[in-house]
Amino acid sequence: MPTDFRCAVLDDYQRVALGLADWSRVRATSFHEHFTSSDELVAAIHDCEIVVAMRERTPFPAEVFDRLPHLRLLVTTGMRNAAIDLEAARAHGVTVCGTGGGSTSTVELTWALILGLARHLLPEATALRAGGPWQHTLGTDLHGRTLGLLGLGRIGSQVAAIGQAFGMDVLAWSQNLTRERAEECGARPAPGLDALLAGSDVFSIHLVLGDRTRGLVGARELALMKPTAYLINTSRAAIVDQTALASALREGRIAGAGLDVFEEEPLPTGHEFRTLPNVLATPHLGYVSELNYATFFREAVEDIGAYLDGAPIRVLT
């Protein structure tokens, strides 16, 4: 049965949300532009009882909950969202639910960034389109090189399998990684983070952001990398000291970086990660794929239906 509940679907950049699921039980409105301030957000959704948030694009701190007296259900795509203050949500009587989602799209993007950097695809393709020089770079072979993985969980293990298919030696480390888990994934366990950084030709980050991982890779750690090495981050920007990373790239102390995540998103127009020649940057596309979006919005509608029926599902705690 349809209800009069108003539902805001946030950050629907591609304008696809309302076509990927049946929203007929609520009065759904999709917002395509990112709200850059809490004032803009509150003004737009003040009367809504239900909000669907796309990943961590829009923060929901305590002060936002204070200003949304009608809000009853907040659905986030994915089962983890560090941008939502769950304690504040509970204090305001707001139920927070999540959805499923796949990891393969992030794995695939990780390899797109690795291959793009190694074979200089962006400068070569740009030169070809512009009538520039024919073959003006020398590509890096991945076969026989070392792929260093910071994290060997759901995503890291899949990245490892593809690295092996390319004939790479896979080295891995995380604070909780066991030798058994590393060997199960076809990787060699590094004795520590320093050894992982120093031994990697491609260093790819696949950790969850938390107190132990925030700022884990700083200026000292970046200095351990080979000048020919690439850093890839499709996880969370804050795991790496962004100022130190920019300096290392600007000064050519590492060969380049493939970045899909940033401390401020959307990335400010004048940010140097948009223009540094040794950076291949994408606008947080890791989870942006047809299958993921179909899962996100179908299960968001399921969450809404279950809540309206008095039996919420996939509740975040």
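Use the structure listed above.
Every value quoted in this text rests on a predicted model; they were computed, and no experiment measured them. (Residues numbered from 1 in each chain as written. Predicted model: local features only at pLDDT ≥ 70, side-chain atom pairs only at ≥ 80, totals over all residues. Heavy atoms only, no water.)

Draft legend 1. Local environment of the overall build of the protein. Each helix and strand in the protein was counted, giving 11 helices and 12 strands. At 21 Å, the protein has a C-alpha radius of gyration in line with the 20 Å of a compact globule built from 317 residues. Here the C-alpha coordinates of the protein stretch approximately 60 × 50 × 30 Å along the principal axes. Residues counted as buried form 49% of the 317 residues belonging to the protein. In the protein, once contacts between residues fewer than 6 apart in sequence are set aside, the share between residues at least 24 apart is 61%. Surface exposure of the protein reaches about 15100 Å², of which carbon and sulfur atoms provide 54%. Charged side chains of the protein number 27 positive and 37 negative; the gap between the two group centres comes to 3 Å. (Helix = DSSP H or I, 4+ residues; strand = E, 2+ residues; numbered from the N terminus. Rg over C-alpha atoms; globule rule 2.2 N^0.38 Å. Buried < 20%, exposed > 50% of the residue type's maximum accessible area, 1.4 Å probe, protein only. Contact = heavy atoms within 4.5 Å. Areas by Shrake-Rupley, 256 points an atom, 1.4 Å probe, with all protein chains shown as cover. Lys, Arg positive; Asp, Glu negative; His and termini not counted. Charge placed at Lys NZ, Arg CZ, Asp CG, Glu CD.)

Draft legend 2. The pattern of salt bridges, seen in detail. Scanning the model with the defined rule gives 16 salt bridges in all. Of the charged contacts, one joins Arg181 and Glu184 as a salt bridge, the two residues approaching to 3.2 Å between their closest N and O atoms. Of the two residues, Arg181 and Glu184 are both situated in helix α7 (residues 179-184); the distance of three residues between them amounts to about one turn of the helix. The closest approach of N and O atoms between Arg220 and Glu221, which form a salt bridge, is 3.1 Å. Sharing partners across several salt bridges, the network here consists of Glu299, Glu302, Asp303 and Arg314. (Salt bridge = Lys/Arg side-chain N within 4 Å of Asp/Glu carboxyl O.)

Draft legend 3. A look at the nonpolar core. Leu150, Phe203, Leu231, Leu245 and Phe273 are the most contacted members of the largest nonpolar core, which totals 31 residues. Elements that contribute at least two residues to this core include exactly β7 (169-173), α8 (193-199), β9 (202-205), α10 (242-250) and β11 (256-259). The leading source of residues in this core is α10, at five residues. Counting 23 residues, the second-largest nonpolar core is a separate cluster that includes Ile114, Leu142, Ala187 and Ile232. (Core = buried A, V, L, I, M, F, W, Y, C linked by side-chain atoms within 4.5 Å.)

Draft legend 4. Highlighting the sheet that holds strand β1 (residues 6-9). Spatially, the five strands line up as an open sheet ordered β2-β1-β3-β4-β5, and their pairing is parallel. The open sheet is flanked by β2 (27-30) and β5 (95-97), the only strands paired with a single partner. Each strand axis lies, on average, 15 degrees off the axis of its neighbour in the sheet, ignoring direction. Across four bridges, the pairing between strand β3 (residues 50-53) and strand β4 (residues 73-76) is parallel. Among the inter-strand pairings, Val52 is bridged to a residue of β4, identified as Val75. Across the sheet, helix α11 (residues 290-308) is in contact with β1, β3, β4 and β5; its angle to β4 comes to roughly 160 degrees. (Pairing = 2+ DSSP bridges. Axes fitted to C-alpha atoms, helices over the stretch in contact; angles between N-to-C directions.)

Draft legend 5. Quick look at the packing of aromatic side chains. With the rule as written, the count across this model stands at eight aromatic pairs. Pairing Tyr287 with Phe296 gives two aromatic rings, centres 6.3 Å apart and planes at 50 degrees, and the pair type is tilted. Assessed through its relative accessible area of 8%, Tyr287 is described here as buried. Put simply, the rings of Trp23, Tyr287, Tyr293, Phe296 and Phe297 touch in pairs and so form one group of aromatic residues. (Phe/Tyr/Trp six-rings, centres within 6.5 Å; stacked < 30°, edge-to-face > 60°.)

Draft legend 6. Spotlight on the pairing of strand β10 (residues 230-233). Judged by which residues are buried, β10 turns out to be covered on both faces: Tyr230 and Ile232 on one side and Leu231 and Asn233 on the other are all buried. Examined bridge by bridge, β10 and β11 share four bridges and lie parallel to one another. Within β11, the residue paired with Tyr230 across the bridge is Gly256. Read as a crossover between parallel neighbours, the route from β10 over α10 to β11 is right-handed. (Right-handed = clockwise from strand over helix to strand, strands pointing away.)

Draft legend 7. Just helix α1 (residues 38-45), in detail. For α1, the set of buried residues is Leu41, Val42 and Ile45. The buried residues of α1 occupy one face: seen down the axis, they fall within an arc of 95 degrees. Of the surrounding elements, those touching the buried residues of α1 are β1, β3 and α2 (62-66). (Arc of directions from axis to C-beta.)

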